Amino acid sequence: MKRKWLALPLALLLAGTAAVSSACGSQTTPPPPATDPVVTVQDGYVYVDGKKTDIQINPELPSEQKSAFELWLQDNPTYTGTEQEWTEWLEQLVTPKEEEPQVLEYHLIENGIFDGYIAAGSAKTENSVLEMSNAVLRLQESVILPLGEGASWEVGITGTLLSGSATGAQLFAGNPFSEFGRVYIGVNKTSGMLYLGVRMNTVYINYGWKFDDTSLFRNDHTYSVSYDDGIYYLSVDGGEKRTMTDINFNQANSNWLEDPETDSETLNKLIRSVLGQNFIEITNIGADGFACNAAISDFSVRTTAPDGYRRLISHPLSGTRIFYLGSSITYGYASGGVAFGDIIHQISGNPYTKEAVSGTTLVDNGSSSYVQRLKNGSFDFSENPDFLVVQLSTNDFSQNKPLGTVENGTASSDFDTSTVSGAIQYIIAYAKEQCPDIKVVFYVGSVKNSWGYRTAYENYVNGDFKAICEKWDIQPLDIFHSQYKNYSCFWSDDIHPTAEGYSAGWTPLFIEYIEEHLK
């Protein structure tokens, strides 16, 4: 892979500073200090506020009592500037210089020549074009695309994105930890989109740009996907830069995007959930199951240097042991038994135990209640779990279970488990008795406005449940009040998320919460 370091223009770094012209040359200086600097001569060198410069002069005997400027003039009689200009120049010499941001430029395919190797399919160069057939190409060196503050990058592709009978491909893909987590730049004729996407679980969440005429993908064009100041853009054939227009899930359930800043940040949260940091690491052109049938002459990347990037051996949550206790929402009733806990495990590989039974309640009304399942050995607390994540059950409200009160005491024996409030406090106390260092997290699920018990649920969340959390110094994971993009395909009914809802809506909130509370 051909890679070059480029320096950003100095003018961009020093915009707004004053330029002083003198016999010392044109010097760019910082704003004047609040107090005049002290310039002295010691051991034949000029010092500014006690900081040694590399300016040597021939000092007179102390009896001469000349200033440092006068002594310097004796050795530099042609200087025509003022003493103030000279002092400003000296001050700049001892002021730490801000390093110029670096830019990396990668040439992945240049005149049809690819710098890497073929992992699957075939690729050959003809007439300065790389013809790919069901190809997955592995880069010699990963390409890092930063997403943090001040980050910018541009991916440029020239050629035919879909050749032959191909309907789609992942043109640029990274898969660092698991097949269930991936970030990619893709194209698909069925949805008519070029997009930046995230795989989470079995859901492919695609943010991008929709085209009415998909023949564009079957002809030779130049595409530029870029990221600047927190927003994603696309330009075709050097035309106007467009912000993202659409989101879809598995090339279906398409929705309009309206706020470039908010939608870009939502996408970045998904990326951070999968990759564990503010950098995309790209390893492939093409991916397993999404190989490339394309004809590319040039493929390049220009990106701000990845300052602070660490190549992670594993996801940040890989060693975090989590117990989950709940009912149908924790189980994944409408998503084939796969909920947020399972998805976090698929992405990170973390150890977990899920104890979730549909229709059950916090209130201890039988062997399947939350309380009984916590006590009956479903969880092995000798494993020293980091978190116990408990669902604030909706069933207690739909089954009209008694709410109870916020009781005194801190031992599990102090609480009446025949009420919701008593059961919650029993679970907290019992878990801490078994494992004092465990973090107990109650999560409050999002529900639709049409759910018949929403008002009672909300009143309890804002009342006694809040008081319990304050008593035990617990910060709940409150999805009920969370602001996140919510689409109709996220719901199977009034309370149960779909696979799309778990993957694109809930799981990033869980990962963000757990990472924040690991410390």
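Draft legend 1. Region of the structure containing the nonpolar core. With 127 residues, the main nonpolar core has Phe172, Ile285 and Leu388 as its most contacted residues. Here this core gets nine residues from one element, more than from any other, and that element is helix α9 (residues 420-434). Core analysis: the second largest hydrophobic core is formed by 13 residues, Val46, Ile55, Phe69 and Leu90 among them.

Draft legend 2. Representation of helix α12 (residues 499-517) in the model. Taking 1.5 Å of rise per residue, 19 residues should cover 27 Å, and α12 covers 26 Å from first to last C-alpha, within 8% of that figure. At Trp506, α12 shows its strongest bend, of approximately 45°, with the proline Pro508 following within four residues. Buried residues dominate α12, accounting for 15 of its 19 residues.

Draft legend 3. Quick peek at the layout of surface pockets. Looking at the largest pocket, its volume works out to about 490 Å³. Around the largest pocket, the lining comprises 26 residues; the ones closest to its centre are Lys269, Leu270, Arg272, Pro508 and Glu512. Counting residues per element, the ones that place at least two in the lining of the largest pocket are α4 (260-275) and α12. Among the residues forming the lining of the largest pocket, the class breakdown is 12 nonpolar, eight polar and six charged.

Draft legend 4. Region of interest: the sheet that holds strand β5 (residues 45-48). An order of β4-β5-β6 is seen for the three strands of this open sheet, with the pairing classed as antiparallel. Each edge of the open sheet is held by one strand with a lone partner, namely β4 (39-42) and β6 (51-56). Across this sheet, the average inter-strand angle for adjacent strands is 35°, counted without regard to direction. Here β5 runs beside β6; their pairing, made up of three bridges, is antiparallel. Considered in β6, the bridge of Val48 is made with Lys51. Contacts between helix α2 (residues 68-75) and the sheet are confined to β4 and β6, with β4 contributing the most and set at about 65° to the helix. Against the sheet, helix α3 (residues 83-94) contacts β4, β5 and β6, and its axis sits at roughly 115° relative to β6.

Draft legend 5. Highlighting the sheet that holds strand β25 (residues 387-391). Strands sit in the order β24-β23-β25-β26-β27 across an open sheet of five strands; the sheet is parallel. Every other strand in the sheet has two partners, leaving β24 (352-356) and β27 (477-478) as the edge strands with one partner each. Sheet analysis places strand β26 (residues 439-444) next to β27, joined by two bridges and oriented parallel. Residue Tyr443 lies in a different strand from β27, and its bridge partner there is Leu477. Packed onto the sheet, helix α6 (residues 340-348) meets β23 (322-326), β24 and β26 and runs at close to 165° relative to β24.

Draft legend 6. Geometry of the packing of aromatic side chains. For the coordinates displayed, the defined rule picks out 38 aromatic pairs. Joined through ring pairs, the aromatic side chains of Tyr324, Phe340, Tyr352, Tyr443, Tyr502, Trp506 and Phe510 make up one cluster. Sitting over the ring of Tyr45, Lys52 keeps its end group 4.1 Å from the ring centre. Geometry around Phe211 places Arg242 over its ring, the cationic atom sitting 5.2 Å from the centre.

Draft legend 7. Summary view of the packing of helix α10 (residues 454-462) against helix α11 (residues 464-471). Viewed as axis vectors pointing N to C, α10 and α11 meet at an angle of 30°, and their least axial separation amounts to 3 Å. Looking at the two axes, α10 sits roughly parallel to α11. Every residue of α11 that contacts α10 at Tyr460, Val461 and Asn462 is listed here: Asp464, Phe465, Lys466 and Ile468. Across the contact of α10 with α11, the residue classes break down as four nonpolar, one polar and two charged.

Quick notes on the rules
Residues numbered from 1 in each chain as written. Predicted model: local features only at pLDDT ≥ 70, side-chain atom pairs only at ≥ 80, totals over all residues. Heavy atoms only, no water. Core = buried A, V, L, I, M, F, W, Y, C linked by side-chain atoms within 4.5 Å. Buried < 20%, exposed > 50% of the residue type's maximum accessible area, 1.4 Å probe, protein only. Helix = DSSP H or I, 4+ residues; strand = E, 2+ residues; numbered from the N terminus. Expected span 1.5 Å × (residues − 1). Bend = angle between axes of the 7 residues up to and from the residue. 1 Å grid on protein atoms, 1.4 Å probe; cavity = no way out; pocket = protein on both sides within 12 Å on 5 of 7 lines; lining within 4 Å. Points joined across faces, edges and corners; volume = space filled by probe spheres on them. Nonpolar A, V, L, I, M, F, W, Y, C, P; charged D, E, K, R; others polar. Pairing = 2+ DSSP bridges. Axes fitted to C-alpha atoms, helices over the stretch in contact; angles between N-to-C directions. Contact = heavy atoms within 4.5 Å. Phe/Tyr/Trp six-rings, centres within 6.5 Å; stacked < 30°, edge-to-face > 60°. Lys NZ or Arg CZ within 6 Å of the ring centre and 35° of its normal. Parallel < 35°, antiparallel > 145°, perpendicular 65-115°, else oblique.

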